[in-house]
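This is what each chain is made of:
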Amino acid sequence: MSTSRRTFAKNMLAATTAFSLPAFVTAGNPKKQNRKLKIVCVGGHPDDPESGCGGTLAMLQVQGHDVTIIYLTSGEAGIPGKSHAEAAAIRTKEAIAACKILNAKPIFAGQIDGAGMADNEWVGKIQELIKMEKPDIVFTHWPIDTHKDHQAASLLTIQSWVRLGKIFELYFFEVCTGSQTMGFKPTDYVDITNTKEQKKKAVFCHTSQNPPGIYAASDCNHGMMEIFRGIEINVAAAEAFVRMGTALNFG
């Protein structure tokens, strides 16, 4: 790409994202904005938020904002040969360790891995958990996904966004694009070059889930995803999102 074309692409990106996620992430110290943001991420299982948007969460926290991760399940069905109780104990411990790396607060919603539900009762529960956090920005799974727990996490978050009056920005992240996330066309990108190692350390806390595979397996290659999304905006590594929401009011 020529210098002029690269400059044009960057200028176009800046123009189209002036009030979008990259603008929030790069806004700088919240003291200068008189505004500390509250960030919430809703994931299906331990390791989903970390792999899907861990670099962005880390960057927001470094900027001085508060981050909470809500895990819909505790990964009960995620360790072959272990009972649900044993797997949940292991994966909960891993998630807590990952949140320490990201400086995030973990919340475990209480659904069972593999049995994700999006009924009225659970809409109310997730809505209340999100409401208590008073978020400005919420991240969750893209709803078109092969895993039903990912779908449930997304639909519950969407319903919470609607029922709470669309008072926070809602962004969807991708996981294992191609094998899980499908039909994902990003609207926003975040340069995670400076936090990708922090993200990777958080993912590698999930030792029961073969973290090298998360980053390099043929059917789930987040390392390649970060590089590819980075190429799209001419940086070393990036995470991509689809935005559904209204602009924040910093007044």
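Overview of the structure.

## A short note on the sheet that holds strand E6 (residues 188-191)
Pairing between the strands of a sheet comes from backbone hydrogen bonds, and it takes one of two forms, parallel or antiparallel.
For step 1, the next point in the chain: The mixed open sheet is built from seven strands, whose spatial order is E3-E2-E1-E4-E5-E7-E6. Each of the sheet's edge strands pairs with one partner strand only, and the pair in question is strand E3 (105-111) and E6. For this sheet, the mean angle separating the axes of adjacent strands, direction not counted, is 25°.
For step 2, the next point in the chain: Of the strand pairs in this sheet, strand E1 (residues 38-43) and strand E4 (residues 137-141) are connected by four bridges, and their pairing is parallel.

## Describing unusual backbone geometry
Backbone phi values are negative for most residues with the exception of glycine, while trans is the configuration of most peptide bonds.
For step 1, the next point in the chain: One non-glycine residue with positive phi stands out, namely Asn103, at about 55°.
For step 2, the next point in the chain: Relative to the helices and strands, Asn103 is located in the loop between helix H5 (84-102) and E3.
For step 3, the next point in the chain: For Lys134, which is not a glycine, the phi torsion comes out positive at approximately 50°.
For step 4, the next point in the chain: Looking at the element boundaries, Lys134 is found in the loop between helix H6 (120-133) and E4.

## With respect to the pairing of E4
For step 1, the next point in the chain: The element E4 is largely enclosed, with a buried count of five among its five residues.
For step 2, the next point in the chain: Bridge count between E4 and strand E5 (residues 169-173): five bridges; the pairing is parallel. Among the inter-strand pairings, Val138 is bridged to a residue of E5, identified as Leu170.
For step 3, the next point in the chain: The parallel pair E4 and E5 is bridged by helix H7 (residues 148-163), and the resulting crossover is right-handed.

## A few points about H7
For an α-helix the count is 3.6 residues per turn, leaving residues at separations of three or four pointing the same way.
For step 1, the next point in the chain: Between its terminal C-alpha atoms H7 stretches 22 Å, which fits the 22 Å expected from 16 residues at 1.5 Å a residue.
For step 2, the next point in the chain: What H7 keeps buried is the set Asp149, His150, Ala152, Ala153, Ser154, Leu156, Thr157, Ile158, Ser160 and Trp161.
For step 3, the next point in the chain: Taken from the residues just after H7, Gly165 is the one with a positive phi, measuring 80°.

## A word on the pattern of salt bridges
Opposite charge on two side chains allows them to pair when their charged atoms are near.
For step 1, the next point in the chain: Scanning the model with the defined rule gives 11 salt bridges in all.
For step 2, the next point in the chain: The residue Arg91 makes a salt bridge to Asp113 at a minimum N-O spacing of 4.0 Å. Here Arg91 is found in helix H5, whereas its partner Asp113 is found in the loop between E3 and H6, with 22 residues between them in sequence. Across the pair, Asp113 and Arg91 agree in class, each one buried.
For step 3, the next point in the chain: In this structure, the salt-bridge partner of Glu174 is Arg229, at a minimum N-O distance of 2.8 Å. Note that Glu174 is positioned in the loop between E5 and E6 and Arg229 in helix H10 (residues 222-233), a separation of 55 residues in sequence.
For step 4, the next point in the chain: Exposure remark for Glu174: the relative accessible area of 3% places this residue in the buried category.
For step 5, the next point in the chain: Arg229 sits in the buried class, given a relative accessible area of 7%.
For step 6, the next point in the chain: Taken together, the shared-partner salt bridges in this structure form one network comprising Lys38, Lys105 and Glu133.

Cut-offs used in this document
- Residues numbered from 1 in each chain as written.
- Predicted model: local features only at pLDDT ≥ 70, side-chain atom pairs only at ≥ 80, totals over all residues.
- Heavy atoms only, no water.
- Pairing = 2+ DSSP bridges.
- Helix = DSSP H or I, 4+ residues; strand = E, 2+ residues; numbered from the N terminus.
- Axes fitted to C-alpha atoms, helices over the stretch in contact; angles between N-to-C directions.
- Buried < 20%, exposed > 50% of the residue type's maximum accessible area, 1.4 Å probe, protein only.
- Right-handed = clockwise from strand over helix to strand, strands pointing away.
- Expected span 1.5 Å × (residues − 1).
- Salt bridge = Lys/Arg side-chain N within 4 Å of Asp/Glu carboxyl O.

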